[in-house]
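# Observations on the model geometry
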Amino acid sequence: MPKIRIDILEGKSDAYKKQLLNIVHDALVEAIKIPDWDRIQILHEHKHSNFEIPPGKTDNYTSIEMLMFPGRSREAKRRICELITKNLKSALGIDESDVMIILLEPPMENWGVLGKPATDLDHGFTIDV
C-alpha cells in the first residue's frame, strides 16, 4: 500500500502527467509486486517561484517520495529506482540527473488502515520481496 507523492514544475500536459503516474505505478507493480489496483498517487505541480531545485537541474526535475510498509529487500528498492529512472528517460525524456526518489518506511503500527493499525490487518499481498 505505497502512498506516492510526486512534485514537478507546472506546465506539463495531461498526457505527460498521466504517463509519469503510470511509470511510477508500473515500477511498483513489477519491483515490489503490489496489486495493480493498489494505486495511491498524488501529483503536485508547482510554480517556479515555489519550487527551488538544485543548480544544473532542468525544468523536468521530478521528486518522488514513496511511503511504504517496511520489509522490502534492498534489491527490490534498487529495482524501483532503476525502473523509474529508465522509463522516465525513455518515455518522457527526463534525465536520471533530474530524478530524485526517496523511499520512506514508517513502521506498520504507524499506518492507520480501515480504522486499525496496519499490523492488525491481512493486506492480501506479500511485503517481503
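What you see is a predicted model; the values in this text were computed from it and never measured.

## As for the pattern of salt bridges
Two side chains bearing opposite charge may form a pair once their charged atoms approach each other closely. The tally for this structure, following the rule as stated, stands at 8 salt bridges. Between Arg78 and Glu75 there is a salt bridge, and its shortest N-O distance comes to 3.0 Å. Of this pair, Arg78 and Glu75 both sit in helix α2 (residues 74-92), separated by 3 residues, roughly a single helical turn. A salt bridge links Asp95 to Lys89; the nearest nitrogen and oxygen atoms lie 2.9 Å apart.

## With respect to the nonpolar core
Counting residues in hydrophobic clusters, the biggest one holds 25 residues, and the most contacted among them are Val24, Ile64, Ile84 and Leu88. When residues of this core are traced back to their parent elements, those giving at least two are β1 (3-9), α1 (14-32), β3 (62-67), α2 and β4 (99-104). No other element matches α1, which puts 9 residues into this core. Not counting chain neighbours up to four residues away, the residues in contact with Ile84 comprise Ile23, Val24, Ala27, Ile64, Met66 and Ile101. If you look at the next biggest cluster of nonpolar residues, it comprises 5 residues, including Phe69, Trp111, Val113 and Ala118.

## Quick look at the pairing of β4
The pairing of β3 with β4 spans 6 bridges and is classified as parallel. Bridging from a neighbouring strand, Thr62 pairs with Val99 of β4. Once the chain exits β3 it traverses α2 before rejoining the sheet at β4, and the crossover so formed is right-handed.

## Notes on the sheet that holds strand β2 (residues 40-46)
Judged by pairing direction, the sheet is mixed, and its 4 strands sit side by side in the order β2-β1-β3-β4 without closing on themselves. Either end of the sheet is taken by a strand with one partner, and the two such strands are β2 and β4. This sheet shows a mean twist of 15° between the axes of neighbouring strands, independent of strand direction. When β1 meets β3, the two strands line up antiparallel, connected through 5 bridges. When the sheet's bridge partners are listed, Ile4 is paired in β3 with Met66.

How each quantity is defined
- Residues numbered from 1 in each chain as written.
- Predicted model: local features only at pLDDT ≥ 70, side-chain atom pairs only at ≥ 80, totals over all residues.
- Heavy atoms only, no water.
- Salt bridge = Lys/Arg side-chain N within 4 Å of Asp/Glu carboxyl O.
- Helix = DSSP H or I, 4+ residues; strand = E, 2+ residues; numbered from the N terminus.
- Core = buried A, V, L, I, M, F, W, Y, C linked by side-chain atoms within 4.5 Å.
- Buried < 20%, exposed > 50% of the residue type's maximum accessible area, 1.4 Å probe, protein only.
- Contact = heavy atoms within 4.5 Å.
- Pairing = 2+ DSSP bridges.
- Right-handed = clockwise from strand over helix to strand, strands pointing away.
- Axes fitted to C-alpha atoms, helices over the stretch in contact; angles between N-to-C directions.

Remember that the coordinates give geometry; whether it matters functionally is a separate question.
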